[in-house]
Amino acid sequence: MRRTRLIRSLLLFSSAFSFLAHAVEVRFEPVVPGVYAFIGEKVGRTYTNEGLNANIGLVVTPAGALLIDSGASFQGAQQIHDAVRKVTSQPVKWVINTGGQDHRWLGNGYFIAQGAEVIAHANARADMQSRGNDHLQALRNELKEKLDGTFPTLPTRYLTGSDERLQMGSVSVEVKHRGGAHTPGDVIVWLPQQNVVFSGDVVYTDRLLGVLPVSHTGRWLDSFAVIESLKPQRIVPGHGAVSDLGRAQRDTQDYLRALRAHMKKAVEDGTDISAAIKAFDLQPYLRLLNAAELHPGNASRTYLELERE
């Protein structure tokens, strides 16, 4: 009964917000036949982009549509759904949250209200529960009334294995988890028939990745190694342009490896954290958006991570 009331309330929110104009245009572009991606802005969350600054995936099957991530808000999820309808008449039957960052899952409530099954790894649950309200508070400063109707709504199904195979109509979907990366629940979604990976925040292209207090750079590299082993034709990263493996290695793996190696030596040598951060050669990565801004925090958190190992 309680769940029924929640769904009815969410549907009322959906109707109430349907008239609002939106500055950001959500449009799914083909990656390979039957597989699409919306490429979010590379900048941070703003009122204009409505927090939709991450990539969202869409896989169309004869049995229904699979959405990779649900967006940063209830209203944003509604926009995503409108964009899906321009590609296919199939209902969104499944949503996979690739991690615990806000724009991966705060649109869950909308899609659950539409009858979708929302799937995530069990390691994401505690992160979502602990940071959900913090996400909302931070987003409220940027999105203002565009966040109205959004509540932290957890997935309806959790996967527990490191490699899980899901059959969605005639399409096989493999969900792979190696202990997290950017967030503890980060997963890789592999479409073996299409030879496409949706990496979530395991891969960033064009812009520098962000190491958070909940991130783990060692397991991040373990997760990236899975993508290497798959040898995908196309990678839809969490942020940035659709890429091949070489570009993902240059923009994500190389930086993580260099950062860990530098900070590991600094910890072993007893180098002060401030001196270790200044001594890192950031020049090869300054081509990536936000590199100078994000690197000091990345370096500090990686140093502290390696101190604990």
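The shown structure was predicted, so the numbers you read here are calculated from the model rather than taken from an experiment.

## Concerning the overall build of the protein
Scanning the protein from terminus to terminus reveals 9 helices and 12 strands. Considering only C-alpha atoms, the protein reaches an extent of 60 × 40 × 35 Å along its principal axes. When the 309 residues of the protein are sorted by exposure, 55% land in the buried category. Only carbon and sulfur atoms are counted for the fraction: they give 50% of the accessible area of the protein, which is about 12800 Å².

## Notes on the packing of aromatic side chains
The geometry of two aromatic rings is summed up by the distance between their centres and the angle between their planes. For the structure shown, the criterion picks out 6 aromatic pairs. Through a chain of ring-to-ring contacts, three or more aromatic side chains come together here, namely Phe74, Tyr110 and Phe111. Over the face of the ring belonging to Tyr47 we find Lys146, whose NZ or CZ atom lies 3.9 Å from the ring centre.

## Brief notes about the environment of Lys176
With respect to the helices and strands, the residue Lys176 is situated in strand β9 (residues 171–176). When sequence neighbours within four positions are dropped, the list of residues in contact with Lys176 reads Ser162, Asp163, Asp186, Val187, Ile188, Trp190, Val226 and Leu230. A polar contact of 3.2 Å, which involves the side chain of Lys176, links it to the side chain of Glu174.

## Overview of the confidence of the model for the protein
It should be kept in mind that the predicted coordinates are not to be read in detail where pLDDT is low. Mean pLDDT over the protein stands at 93; residues scoring 70 or higher make up 93%. Across residues 11–20 the pLDDT falls below 50, and counting only partners more than four positions away or on other chains, this stretch makes 15 contacts in the model.

## Remarks on the packing of helix α6 (residues 217–230) against helix α7 (residues 245–269)
At a minimum axis separation of 10 Å, α6 and α7 run at an interaxial angle of 155°. Judged by the angle between their axes, α6 and α7 are roughly antiparallel. In the crossing of α6 with α7, the sense of the turn from one axis to the other is left-handed. Facing Thr217, Gly218, Trp220, Leu221, Phe224, Ile227 and Glu228 of α6, the residues of α7 in contact are Leu245, Ala248, Gln249, Thr252, Gln253, Leu256, Arg257 and Arg260. A class-by-class count of the residues in the contact of α6 with α7 yields 7 nonpolar, 5 polar and 3 charged.

## Topic: the nonpolar core
Counting residues in hydrophobic clusters, the biggest one holds 33 residues, and the most contacted among them are Val202, Trp220, Ile227 and Tyr255. Examining the composition of this core, we find that 7 residues originate from one element, α7, more than from any other.

## Side note on α7
If you check α7, its first and last C-alpha atoms are 34 Å apart, about what 25 residues at 1.5 Å a residue would give, namely 36 Å. The largest bend along α7 reaches roughly 35° and is located at Gln253. Where α7 is concerned, the buried positions are Leu245, Ala248, Asp251, Thr252, Gln253, Tyr255, Leu256, Leu259, Arg260, Met263 and Ala266. As for α7, its buried residues are in contact with β11 (196–204), α6, β12 (234–239), α8 (273–279) and α9 (291–308). Phi turns positive one or two residues past the end of α7, at Gly270, with a value near 75°.

Rules of the game
- Residues numbered from 1 in each chain as written.
- Predicted model: local features only at pLDDT ≥ 70, side-chain atom pairs only at ≥ 80, totals over all residues.
- Heavy atoms only, no water.
- Helix = DSSP H or I, 4+ residues; strand = E, 2+ residues; numbered from the N terminus.
- Buried < 20%, exposed > 50% of the residue type's maximum accessible area, 1.4 Å probe, protein only.
- Areas by Shrake-Rupley, 256 points an atom, 1.4 Å probe, with all protein chains shown as cover.
- Phe/Tyr/Trp six-rings, centres within 6.5 Å; stacked < 30°, edge-to-face > 60°.
- Lys NZ or Arg CZ within 6 Å of the ring centre and 35° of its normal.
- Contact = heavy atoms within 4.5 Å.
- Polar contact = N/O pair within 3.5 Å; in protein donor to acceptor, adjacent residues only side chain to side chain.
- pLDDT = per-residue confidence, 0-100.
- Axes fitted to C-alpha atoms, helices over the stretch in contact; angles between N-to-C directions.
- Parallel < 35°, antiparallel > 145°, perpendicular 65-115°, else oblique.
- Left-handed = near helix turned anticlockwise from the far one by under 90°.
- Nonpolar A, V, L, I, M, F, W, Y, C, P; charged D, E, K, R; others polar.
- Core = buried A, V, L, I, M, F, W, Y, C linked by side-chain atoms within 4.5 Å.
- Expected span 1.5 Å × (residues − 1).
- Bend = angle between axes of the 7 residues up to and from the residue.

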